[in-house]
Amino acid sequence: MEMHCHNNAEGRRDVFLLAAVISLTAAAALFGISKRGTYTDIRAQENYMDSLPVAELPEAMAEGVCAQMLERLPDAPIILRVLITGEIEHFAGVGRQKARILQIYAGDGLSAGVGQEIYLYAQSWRLSLSAEEDFVDSVERGFINVLQTGEEYLAFARREAPALERGVPVIEVWDDFAVVPVFSYKRHENKVAPVSEENTYVPYTAVKGNEFFATSEDAIKSLEAVKSALLEKYPAGDSDDIH
């Protein structure tokens, strides 16, 4: 299989760009604690995400990030095939989705087994909102779209986090790579929306049907190549399927 992801001489620039993404995510997390009322207000609106911009992955980051994921994701502490059973939920800005475990590739010691429901969440899934005039509201997704209900996904996770609700384990996705490593077993058409000179944010409605968000076709191909390689390594099985 021809792969579009490889290490290159621009690794140092990738590191700086990744650090910037992580810094922005951390700032958004701190900001979310003081803006719970704002989140509640916007969630009351129908299709509230349609009014917000979302960031596309810069092309300069794509190859380096993809190479890191291909190298490190097979060592993830938890690797699951899941069926998404719930819509996106935002609590104090942090996004989570309910899923049912279909197959466990890695994850010794999980409190949930095949057929049980869990919540998937990532620290970079959040709403970034403010009442300040110069602040641009956005939805942060780690360069992947909201997970589609009824679809199966391959998820690479860091740990089982403390549960917010009794009986529903919470699995924290491993999001050290700028791109959140959750991949649909279904093929999606990924469109590229033009970005401004200031940043890579685009209207969510322009890329609403995507699986990945990126600024160029080459960056999209890199992400799709990672997905293809990982789905080949972790194919959907039959023995543990629960539908």
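Described below are features of the structure shown in this document. These numbers come from a predicted model, not from an experiment.

Along its length, the protein chain carries four helices and 10 strands. Residues counted as buried form 50% of the 243 residues belonging to the protein chain. Summed over its atoms, the accessible surface of the protein chain is roughly 11900 Å², and 50% of this surface lies on carbon and sulfur atoms.

Right, let's talk about the layout of surface pockets for a bit. By volume, the second largest pocket is sized at about 310 Å³. In this structure, the second largest pocket is lined by 13 residues; those nearest its centre are Met49, Glu87, Ile88, Val146 and Tyr204. Considered class by class, the residues forming the lining of the second largest pocket number six nonpolar, four polar and three charged.

With that settled, consider the pairing of strand β2 (residues 78-84). For β2, a buried count of seven out of seven residues is recorded, marking the element as mostly surrounded by other parts of the structure. Burial along β2 is two-sided: the residues Ile78, Leu80, Val82 and Ile84 and Ile79, Arg81 and Leu83 are all buried. Across six bridges, β2 lies against strand β4 (residues 94-106) in antiparallel orientation. What sits directly across from Val82, in β4, is Ile101.

About the criteria used
- Residues numbered from 1 in each chain as written.
- Predicted model: local features only at pLDDT ≥ 70, side-chain atom pairs only at ≥ 80, totals over all residues.
- Heavy atoms only, no water.
- Helix = DSSP H or I, 4+ residues; strand = E, 2+ residues; numbered from the N terminus.
- Buried < 20%, exposed > 50% of the residue type's maximum accessible area, 1.4 Å probe, protein only.
- Areas by Shrake-Rupley, 256 points an atom, 1.4 Å probe, with all protein chains shown as cover.
- 1 Å grid on protein atoms, 1.4 Å probe; cavity = no way out; pocket = protein on both sides within 12 Å on 5 of 7 lines; lining within 4 Å.
- Points joined across faces, edges and corners; volume = space filled by probe spheres on them.
- Nonpolar A, V, L, I, M, F, W, Y, C, P; charged D, E, K, R; others polar.
- Pairing = 2+ DSSP bridges.

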